[in-house]
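Geometric and topological summary
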Amino acid sequence: MRPWRLLGWVAVIAVAGFCLYHVRTVALSIVIGLFLTALLLPPARWLRSRGLNRALSTAIVFVGGILLAAALVALLVPPTADGVTQLRSSVGKALGGLHDLAIRLGLSNQQFMARAKEYLSSQGRQIANGALAGVRTVGEIVVGAVLAVILSVYFVHGGDRLFRWLVSLAPVSARTRLTGAGTLAFWVIGRYIRGVAIVGVVDAFFIGMTLWILGVPIALPLAVLTFVGAFLPMVGAFLAGLLAAVVAFVAKGWLVALIVVAVSVAVHQIEGHVLAPQIYGKSLDLPGAVIIVAIAVGSLVAGVAGAFLAAPAASLLVNLRRASLAPPSVRG
């Protein structure tokens, strides 16, 4: 590729990135809508193969998804409330132990209070700004989530028609290439999301069962958090396991916490070396360093949502690059 063409592509990518950053809520909603579509389109297609029309199959899939989400929330709330109640006394004991340790080290209550007041007074403005930013972020998340769901309804109902219409706007010479790239992109997204969901269910089941057998409070919410953490490769599994170990330590002591850590490490090793390669396949296999860098870049660009979307975006870019380098016979 000539240098001036390379510079041109860099300029186009830079301008596109600048524009997407300023409309990142809408852009992220579109991407998340595509992810939801990748999960919900297969059952909708199955219903259509049984004779249902587009509208009815789409309605059944989304109503079923909403009911499933509502049932999950109803299932999570009671054990979470009971677990938090159980943790209160355990947290008090843990704080008491830390207080005794601080006294042995020569730190008094007055020193603790003075340092706490000094910190709060110096950080008061930052705490207030952080609270305002948090409210703004929650508003953006709610708006983005509603927009993503609405877009996914349209995509499941008539995404193929929309895609053909968009391709028809391109020059005739580029339509075949755009069609192939779009098909590959949706295949990568669908396989990635379904693979992560399967891996997350397996992780959540074994870690949740371990926590439940050991009597650790909020075992079910921690299992759900483990499932969510699967969508943030490597980093999410580590954070979910760390939180589970902390809760186990506070509630049951260091021995139970070590057991939780050991089970978490074993489950994630089995996932990384046995389960994930079979589910994802080589086409979505990325080196760990690439995933970590992608997550770091995504978090800097778009926060938490960018971190969650970084790994599938990296997989998509790698596969598009491989497809562009493959011979025509392989692409077809």
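Just so it is clear, the model here is predicted, and its values are computed rather than measured. (Residues numbered from 1 in each chain as written. Predicted model: local features only at pLDDT ≥ 70, side-chain atom pairs only at ≥ 80, totals over all residues. Heavy atoms only, no water.)

1. Digging into a nonpolar patch on the surface
- Residues F205, F206, M209, W212 and I213 make up a contiguous nonpolar surface patch of roughly 590 Å² in combined accessible area.
- Taking relative accessible area as the criterion, M209 reaches 33% and is therefore assigned partly exposed. (Patch = residues over 30% accessible without salt bridge, like charges linked within 9 Å, V, L, I, M, F, W, Y side chains within 5 Å. Areas by Shrake-Rupley, 256 points an atom, 1.4 Å probe, with all protein chains shown as cover. Salt bridge = Lys/Arg side-chain N within 4 Å of Asp/Glu carboxyl O. Buried < 20%, exposed > 50% of the residue type's maximum accessible area, 1.4 Å probe, protein only.)

2. Overview of the pattern of salt bridges
- If you walk through the whole model with that rule in mind, you get 1 salt bridge.
- R54 is the partner of D160 in a salt bridge, and the nearest nitrogen-oxygen pair spans 2.9 Å. Of this pair, D160 sits in helix α4 (residues 109-168) while R54 sits in helix α3 (residues 54-104), and the two are 106 residues apart along the sequence.
- Its relative accessible area of 34% is what places D160 among the partly exposed residues. (Helix = DSSP H or I, 4+ residues; strand = E, 2+ residues; numbered from the N terminus.)

3. Remarks on the packing of helix α5 (residues 172-213) against helix α6 (residues 219-229)
- It is the contact of α5 with α6, at a shortest axis distance of 8 Å, that shows an interaxial angle of 155 degrees. In terms of orientation, α5 and α6 fall into the roughly antiparallel class. Here the hand of the crossing between α5 and α6 comes out right-handed. Residues A197, G200, V201, D203, A204, I207, G208, L211 and W212 of α5 lie in contact with α6, whose contacting residues are A219, L222, A223, T226 and F227. (Axes fitted to C-alpha atoms, helices over the stretch in contact; angles between N-to-C directions. Parallel < 35°, antiparallel > 145°, perpendicular 65-115°, else oblique. Left-handed = near helix turned anticlockwise from the far one by under 90°. Contact = heavy atoms within 4.5 Å.)

4. A few points about the environment of F35
- Of note, F35 is situated in helix α2 (residues 24-49).
- Between the alpha carbons of F35 and S152 there is a distance of 8.3 Å; along the sequence they are 117 residues apart.

5. Details of the packing of aromatic side chains
- Evaluation of the coordinates by the stated rule reveals 1 aromatic pair.
- For the pair F205 and F206, a centre-to-centre distance of 5.2 Å together with 80 degrees between the ring planes defines the contact as edge-to-face.
- The exposure class of F206 is partly exposed, given its relative accessible area of 44%. (Phe/Tyr/Trp six-rings, centres within 6.5 Å; stacked < 30°, edge-to-face > 60°.)

6. Remarks on the environment of A305
- By the element assignment, A305 lies in helix α9 (residues 288-325).
- Accessibility expressed as a relative area gives 26% for A305, which makes it partly exposed.
- Sequence separation between A305 and T25 is 280 residues, and the spatial gap between their C-alpha atoms is 9.7 Å.

7. As for the nonpolar core
- The biggest cluster of nonpolar side chains holds 13 residues, and the ones touching the most others in it are L211, V216, L222, A248 and V260.
- Counting only elements with at least two residues in this core, the list comes to α5, α6, α7 (235-252) and α8 (254-280).
- Tallying contributions element by element places α8 first for this core, with 4 residues.
- Not counting residues up to four positions away in its chain, the partners in contact with V260 are L211, L214, A244, A245 and A248.
- Of all hydrophobic cores here, the second largest spans 12 residues; its members include L28, F35, A38 and A311. (Core = buried A, V, L, I, M, F, W, Y, C linked by side-chain atoms within 4.5 Å.)

8. So, the environment of V293
- Here V293 is to be found in helix α9.
- Residue classification places V293 among the exposed positions, given a relative accessible area of 51%.
- In this structure, the C-alpha to C-alpha distance between V293 and A314, residues 21 residues apart in sequence, is 9.9 Å.

9. Concerning the packing of α6 against α7
- Contact geometry of α6 with α7 gives a least axis separation of 8 Å together with a crossing angle of 165 degrees. The orientation of α6 relative to α7 falls into the category roughly antiparallel. At the point where α6 passes α7, the crossing takes the right-handed sense. Facing L222, L225, T226 and G229 of α6, the residues of α7 in contact are G236, A237, A240, L243, A244 and V247.
- Of the residues contributing to the contact of α6 with α7, the split by class is 7 nonpolar, 3 polar and no charged. (Nonpolar A, V, L, I, M, F, W, Y, C, P; charged D, E, K, R; others polar.)

10. Observations regarding the side chain of T210
- Relative to the helices and strands, T210 is located in helix α5.
- At a separation of 2.8 Å, a polar atom in the side chain of T210 contacts the main-chain carbonyl oxygen of F206. (Polar contact = N/O pair within 3.5 Å; in protein donor to acceptor, adjacent residues only side chain to side chain.)

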